[in-house]
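# Structural overview
Listed here are the chains, written in short residue letters.
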Amino acid sequence: MRVDCDFLVIGTGVAGLTFALEASKHAEVTILTKRSRTDSATNWAQGGIAAVLHPDDSFEAHVKDTLGTGGGLSHPAAVEMVVRDGPARIRELMEIGARFSHREGKDELDLTMEGGHSARRVVHAGDITGREVQRALLAAVEENPRIRIVEDHMAVDLIEQSRFGAPRRQVVGAYVLDESTGEVHTYTAKATVLAAGGAGKVYLYTSNPDIASGDGVAMAYRAGAQIGNMEFFQFHPTSLFHPKAKSFLISEALRGEGGILRRADGTAFMEKHHAMKDLAPRDVVARAIDYEMKRSGDDCVYLDMTHLSASFVAERFPNIHGECLKFGIDMTQQPIPVVPAAHYMCGGVVVDLEGRTSLPGLWAIGEVTCSGLHGANRLASNSLLEGLVYGHRVARALADAREHMSPGDVPAWDVGSAVPSDEAVVVSQNWDELRRFMWNYVGIVRGDKRLTRAARRIALLKEEIREYYWAHLVTRDLLELRNIADVADLIVQCALVRKESRGLHYTLDYPETSEAFAADTVVERGVPAHLRR
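Structure report, in brief. Everything quoted here is computed from the prediction, not taken from an experiment. (Residues numbered from 1 in each chain as written. Predicted model: local features only at pLDDT ≥ 70, side-chain atom pairs only at ≥ 80, totals over all residues. Heavy atoms only, no water.)

### Some details on the overall build of the chain
- Assigned secondary structure in the chain consists of 13 helices and 18 strands.
- Reported as C-alpha extents along the three principal axes, the dimensions of the chain are approximately 65 × 55 × 45 Å.
- Taking all 533 residues of the chain together, 61% fall into the buried category.
- The long-range fraction of contacts in the chain, counting pairs at least 24 apart against all pairs at least 6 apart in sequence, stands at 73%. (Helix = DSSP H or I, 4+ residues; strand = E, 2+ residues; numbered from the N terminus. Buried < 20%, exposed > 50% of the residue type's maximum accessible area, 1.4 Å probe, protein only. Contact = heavy atoms within 4.5 Å.)

### Details of the side chain of K201
- Looking at the secondary structure, you find K201 in the loop between β8 (183-194) and α5 (215-223).
- Filtering out sequence-adjacent residues up to four positions away, K201 remains in contact with T206, P209, D210, A212, S213, W431, R435 and I484.

### Concerning the environment of R476
- Note on placement: R476 falls in helix α13 (residues 476-497).
- In this structure the C-alpha to C-alpha distance between R476 and K34, which are 442 residues apart in sequence, comes to 8.3 Å.

### A word on the sheet that holds strand β16 (residues 369-370)
- Strands sit in the order β16-β14-β9-β17-β18 across an open sheet of five strands; the sheet is mixed. One side of each edge strand has no neighbouring strand; the edge strands of this open sheet are β16 and β18 (527-532).
- Sheet strands in contact with α5 are β9 (227-228), β14 (348-350) and β17 (520-524), and its direction is about 45° off that of β14. (Pairing = 2+ DSSP bridges. Axes fitted to C-alpha atoms, helices over the stretch in contact; angles between N-to-C directions.)

### Comments concerning the packing of helix α2 (residues 59-69) against helix α3 (residues 76-95)
- Two elements in contact, α2 and α3, have axes separated by 9 Å at closest approach and are oriented at 135°. Taken together, the axes of α2 and α3 are oblique relative to one another. α3 is crossed by α2, and the crossing has right-handed handedness. Of the residues in α3, those in contact with F59, E60, H62, V63, T66 and L67 of α2 are P76, V79, E80, V83, R84 and P87.
- Looking at the contact of α2 with α3, its residues break down into seven nonpolar, two polar and three charged. (Parallel < 35°, antiparallel > 145°, perpendicular 65-115°, else oblique. Left-handed = near helix turned anticlockwise from the far one by under 90°. Nonpolar A, V, L, I, M, F, W, Y, C, P; charged D, E, K, R; others polar.)

### Here we look at the sheet that holds strand β11 (residues 260-262)
- What the four strands build is an open sheet, ordered β10-β13-β12-β11; its pairing is antiparallel. Either end of the sheet is taken by a strand with one partner, and the two such strands are β10 (233-240) and β11. Averaged over neighbouring strand pairs, the angle between their axes works out to 45° when direction is ignored.
- Relative to strand β13 (residues 336-345), strand β12 (residues 301-304) runs antiparallel, the two being bridged by three bridges. Bridging from a neighbouring strand, V301 pairs with V338 of β13.
- Strands β10, β11, β12 and β13 of the sheet are contacted by helix α7 (residues 282-296), whose axis makes an angle of about 60° with β10.

### Quick notes on the nonpolar core
- Ranked by internal contacts, the top residues of the largest apolar core, which has 76 residues, are L194 and M438.
- When residues of this core are assigned to their parent elements, the largest contribution, 12 residues, is made by α13.
- Ignoring sequence-local partners within four residues, the contact set of L194 consists of I10, L158, G216, M219, A220, V349, L362, W363, A364, I365 and V368.
- If you look at the next biggest cluster of nonpolar residues, it comprises 51 residues, including V52, M81, V83 and L384. (Core = buried A, V, L, I, M, F, W, Y, C linked by side-chain atoms within 4.5 Å.)

### A short note on the pairing of strand β1 (residues 2-10)
- The element β1 is extensively covered by neighbouring structure, given that seven of its nine residues are classed as buried.
- For β1 and β8, the ladder comprises eight bridges, and the chain directions are parallel. Directly across from D4, in β8, lies its bridge partner T188.
- Regarding the hand of the β-α-β motif, the stretch spanning β1, helix α1 (residues 14-23) and strand β2 (residues 29-32) is right-handed. (Right-handed = clockwise from strand over helix to strand, strands pointing away.)

### Some words on unusual backbone geometry
- A positive phi angle, near 55°, is found at D152, a position not held by glycine.
- Along the chain, the position of D152 falls in the loop between β5 (147-150) and β6 (153-160).
- For D152, a relative accessible area of 39% gives the class partly exposed.
- Phi angles above zero are rare outside glycine, and K277 is one such case at about 50°.

### Some points on the side chain of S207
- Checked against the element boundaries, S207 lands in the loop between β8 and α5.
- Classification of S207 by relative accessible area gives buried; the value is 4%.
- Engagement of the side chain of S207 in a polar contact is seen with the side chain of N208, the distance being 3.5 Å.
- Here the side chain of S207 touches H343 through a polar contact of 2.5 Å, side chain to side chain.
- In contact with S207, not counting residues within four places along its chain, are W44, S247, L249, A341, A342 and H343. (Polar contact = N/O pair within 3.5 Å; in protein donor to acceptor, adjacent residues only side chain to side chain.)

### Quick word on the packing of aromatic side chains
- Applying the stated criterion to the full structure yields nine aromatic pairs.
- Considering the side-chain rings of F235 and W439, the 5.8 Å spacing of their centres and the 65° angle between planes classify their relative orientation as edge-to-face. A residue pair is termed long-range when its members are at least 10 positions apart, and F235 in strand β10 and W439 in helix α11 (residues 425-441) qualify at 204 residues.
- A relative accessible area of 4% places F235 in the buried class.
- Among the aromatic residues, those joined into a cluster by ring pairs are Y203, Y205, F233, F235 and W439.
- Taking the ring centre of Y344 as reference, the NZ or CZ of R378 above it sits at 4.3 Å.
- When the ring centre of Y469 is taken as origin, the NZ or CZ atom of R482, which lies over that ring, is 4.0 Å away. (Phe/Tyr/Trp six-rings, centres within 6.5 Å; stacked < 30°, edge-to-face > 60°. Lys NZ or Arg CZ within 6 Å of the ring centre and 35° of its normal.)

In short, the description is geometric, and any link to function would need to be established separately.
Dropping the structure here:
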């Protein structure tokens, strides 16, 4: 089956939904999501959205904080653009019904502080900001007759025309698995927009939802797009440590409101790791926790809120408070056990200020991208902001694009001699092995020996996965495994090139930062990872 679209969007997070609302003013939009429309990393975001909304704050200060956290690799033009567009995007969210927290008894937003920020500028909706943002955006999208959401449809690969004999490279849509039937359909588009989110599932421990399997980056790489800075994967310092707690994040906002990290013996330890103590940037905090756990042999550290008012803690963080209570932890009376977890992918598909990739016909927005905003490390609460700003900006840039692009003839999906799988254990075994050695060898602290070992294992796994993929009919599990393997390969390739420690990339072999490596890493199909100055 072939489905023709004006604009095809892959992903229903903040970036994809924002794009769809703005783009629907100019064209009809089809949004694909591999599960339900609410399954996105946006829905899990707790902290908030950073934006300059108080007279005591300034664009210059937000830019400075972002550049400082970015480890010298953030692109000033991208940072300036995102920061200055932020307030307007927040106001638009409020206009469509997003309900953000206000100061008690006052008609003004309750702006909070998070690590790395020099001012209280984080807009939030309690501790379920992402859920509220997605609710408001989805409500607006569902009322829009020019936007269609197709659930339980997973993109298999982008359709890049030159691979079928066309004279030039151009993405014209995607092959898409309909999970209800197992059939692969052809979706063509005058513009294809990747908003597929991150890849936390490449690691054993992650704060991400199960959908975060790097689909967008992997598909773009296979189609020939440039991928950048994949070595910079942010580990959130504080994920709930409990045998029955799956991927539950303890927001950085707790430290913003005065939470203190302590060892098992009650000793606060962040003062010896950074001048900002518990408000240090996330990479510093994650490495500090990793160091303290390895030094002591403890399974976790503790985030202590008990010195604060119990009523304030419960009211400010109702979702986290309630979730911890489910596991027998009253955060108003006892410290919360926490460990680091893979959280945010700062690299991705390389895009310009209008979301263009290196492939004509393909745009990308949100966490799937390497936009230049985050550089070597993301400033807290800049991620939802990036999705809002780029979603809006790309829609504006594409306002006339539908008049200039045509998919033309596209071959249908060919199953060849593939048969249904009779050994699904191959998928689950490879999935588990890959995630474990990525955690052990390519995690918070790395080294050339560990990276080289990982590269060898990935090469073997990719060959096994490739054979299995071509021999069997595709399933979501198989597609996600294939994508995770590609993403793991890209992370290791980029990490091996960077012979220094910078931002989120910390290597025991090169613990210092070197100006010789003050450049982005770029990799594309057929071209090894290299520095681009």
